[in-house]
Amino acid sequence: MTGRTYPDEPVDSFPDPPLSFTDGEGREIRIERSGIDDFEELVEMYDRFDPADRAQGIPPVKEEAIREWLDELLTEESVNVLAVHDGTPVGHAILVPDREEAFELAVFVLDDYQSAGIGTRLLEALLGYGKEAGIEHVWLTVERWNESAIALYEKLGFETSNAESFELEMAIRLGD
Amino acid sequence: MKVLLGMGGSPDGFDALEETLDRARQAGDDLTVAVLDTSEDYDVDEVEAKVRERLDEAGVETEIHTLSGHPGSQLSQLAEREGFDRIVIGGGQRSPMGKIELGEVAEFVLLNADTTVTLVR
C-alpha cells in the first residue's frame, strides 16, 4: 500500500502485560506468546468464531479455508499472542509482515469474550513483543462503523494513516 | 444478457475474466471486456493483448475496449451509453493478513453505476 503516513513520534513502551488477569466478567485469562505450534488450537478457535464477527473476509468460515489461511499467516516472521481461558484459546492477535518491512495487525476475540478487556491486553502484549522484535511500523484496516475497535486502536497510539479507502487505515510507530 | 467486464491488469481481474467466460458459455451472454488503466503497475496494451489471447483461446466472440481517463467513471458511462445489463468487476486484492481490499474502481462503480454490478469472488 502506498501513501500511508505513520505518526512522527514513536509510542512510549507498553506496560509488560501480566501473564494472567481477571477479565471484565470475572474469568481468569492468560496471555501467552503463540505461533505455529498452536496451529491446531487456532484452527479450533476460528472454527468457533461467529461468522457475524468477521471483517473484510477473515477469518474464513470453512475449516479447510481456515487451515489455508493460518498456513499463510503462522510463519517464522509473524508475531502471535493468544488469550487462553480454561486451557482453550479465546482470542488471538497477530502481526504479519508486508512487502515493505512493515507489519499488518489483526485481533480476534470469540463472541462470548468480547467487551471484557481481552482485546486491549492482547494488543498491548502483541505490540510489546513486536517492539522487542525490532518492528518499527505497524498498520491495520478497520471498518469505519466499528467505533469501539477504532477507539481501542487510538487508545494504544494508532493514528489514521489513510482515510480515502473503503476501510479506515491506521498506523503506529513502535520505535526509531 | 449484455455483460460488460471491467478489468485492469491485476490477478482479480483475470479471475473475473475466467468466471465471466464460463458464464458466457453456459448462458450465452453477449460479453464485452473493457480494459482499464488502473495502475502504473500494468501497461494497458499488454493487458489488452493478454486478454485477447485468452479470448481467442476460449473461442468466445468478444469485443474489447480500452478505456482511458477515470476508470470507474468511464466504465459506468460505457455501461449506460450502450445499454449493458450488468457490469462485472474483480473482487479486490488481499492484504498480507488476507483481508479483502476493494480498490478505487470497485468502490466507484459500486456506488455510482446505474447498472447492476457483479463482484467476482
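Residues numbered from 1 in each chain as written. Chains lettered and ligands numbered in written order. Predicted model: local features only at pLDDT ≥ 70, side-chain atom pairs only at ≥ 80, totals over all residues. Heavy atoms only, no water.

Undergrad: Could you clarify how one ought to interpret the interface of chain A and chain B in this entry?
TA: Listed per partner, the contact involves 18 residues of chain A and ten residues of chain B. Approximately 1200 Å² of surface area, both sides summed, lies buried where chain A meets chain B, with 64% of it carried by carbon and sulfur atoms. When the buried surface of chain A facing chain B is broken down by residue, Gln56, Glu104 and Phe166 of chain A rank first, second and third, together holding 46% of it. There are zero salt bridges connecting chain A and chain B. Our count for the contact surface shared by chain A and chain B stands at seven residue pairs in polar contact (both at pLDDT 80 or more). Of all the secondary-structure elements, those providing two or more residues to the side of chain A that touches chain B are helix H2 (63-73), strand S4 (88-97), strand S5 (103-109) and strand S6 (137-142) of chain A. Here the side of chain A that touches chain B is composed, by residue class, of eleven nonpolar, four polar and three charged. (Contact = heavy atoms within 4.5 Å. Buried area = accessible area lost by both parts, 1.4 Å probe. Salt bridge = Lys/Arg side-chain N within 4 Å of Asp/Glu carboxyl O. Polar contact = N/O pair within 3.5 Å; in protein donor to acceptor, adjacent residues only side chain to side chain. Helix = DSSP H or I, 4+ residues; strand = E, 2+ residues; numbered from the N terminus. Nonpolar A, V, L, I, M, F, W, Y, C, P; charged D, E, K, R; others polar.)

Undergrad: Whenever I open this one, helix H3 (residues 71-81) of chain B confuses me. Can you help?
TA: Each α-helix turn comprises 3.6 residues. Residues three or four places apart therefore point the same way. Residue and element names in this part refer to chain B. The set of residues buried in H3 consists of Pro71, Gly72, Ser73, Leu75, Ser76, Leu78 and Ala79. Where the residues of H3 are buried, they touch strand S1 (2-7), strand S2 (30-36), strand S3 (63-67), strand S4 (86-90) and helix H4 (104-112). Immediately downstream of H3, the backbone of Gly83 shows phi near 65 degrees, a positive value. (Buried < 20%, exposed > 50% of the residue type's maximum accessible area, 1.4 Å probe, protein only.)

Undergrad: Explain the sheet that holds strand S7 (residues 116-120) of chain B here, please?
TA: Backbone hydrogen bonds hold the strands of a sheet together, and the pairing may be parallel or antiparallel. Residue and element names in this part refer to chain B. Taken in spatial order, the five strands of this open sheet run S3-S2-S1-S4-S7, and their pairing is parallel. Across the chains shown, the open sheet's two edge strands, defined by having one partner strand only, are S3 and S7. Looking at each pair of strands side by side, their axes are set apart by 25 degrees on average, direction ignored. Examined bridge by bridge, S1 and S4 share four bridges and lie parallel to one another. In the strand pairing of S4, Gly6 is matched with Ile89. Sitting on the sheet, helix H2 (residues 44-58) touches S1, S2 and S3, and the angle it makes with S2 is about 155 degrees. (Pairing = 2+ DSSP bridges. Axes fitted to C-alpha atoms, helices over the stretch in contact; angles between N-to-C directions.)

Undergrad: Is there a simple way to think about the sheet that holds S6 of chain A in this case?
TA: Residue and element names in this part refer to chain A. Across the sheet, eight strands lie side by side as S1-S2-S3-S4-S5-S6-S8-S7; this open sheet has mixed pairing. The strands lining the two open edges of the sheet, one partner per strand, are strand S1 (20-22) and strand S7 (159-162). On average, each strand axis in the sheet is tilted by 30 degrees relative to the strand beside it, whichever way the strands run. Across seven bridges, strand S3 (residues 79-85) lies against S4 in antiparallel orientation.

Undergrad: I'm lost on the packing of H3 of chain B against H4 of chain B in this one. Help?
TA: The angle between the axes and the distance between the axes are what describe a pair of packed helices. Residue and element names in this part refer to chain B. Direction vectors running N to C along H3 and H4 enclose 40 degrees, while the axes themselves pass 8 Å from each other. The orientation of H3 relative to H4 falls into the category oblique. Judged by the twist between their axes, the crossing of H3 over H4 is right-handed. When H3 is examined against H4, the residues Pro71, Gly72, Ser73, Leu75 and Ser76 are found in contact with a partner set consisting of Val105, Phe108 and Val109. (Parallel < 35°, antiparallel > 145°, perpendicular 65-115°, else oblique. Left-handed = near helix turned anticlockwise from the far one by under 90°.)

Undergrad: Quick question: what am I supposed to make of the side chain of Thr32 of chain B here?
TA: Residue and element names in this part refer to chain B. Here Thr32 is to be found in strand S2. Since its relative accessible area comes to 6%, Thr32 is described here as buried. Once residues lying within four places of it in the same chain are set aside, the contact partners of Thr32 are Val3, Leu4, Leu5, Thr62, Glu63, His65 and Phe84.

Undergrad: Whenever I open this one, the pattern of salt bridges confuses me. Can you help?
TA: Charged atoms that come close allow side chains of opposite charge to pair. Residue and element names in this part refer to chain A. The final tally for this structure, using the stated rule, is ten salt bridges over all chains. A salt bridge links Arg67 to Glu40; its shortest N-O distance comes to 3.0 Å. Placement of Arg67 in helix H2 and of Glu40 in helix H1 (residues 39-47) is noted, with a sequence separation of 27 residues between them. By relative accessible area, Glu40 is classed as partly exposed at 45%. The partner of Glu63 in a salt bridge is Arg67, with the nearest N and O atoms 2.9 Å apart. Here Glu63 and its partner Arg67 are both found in helix H2, four residues apart, which amounts to about one turn of the helix. For Arg67, a relative accessible area of 28% gives the class partly exposed. In this structure, a network of salt bridges that share partners links the residues Glu40, Glu63 and Arg67.

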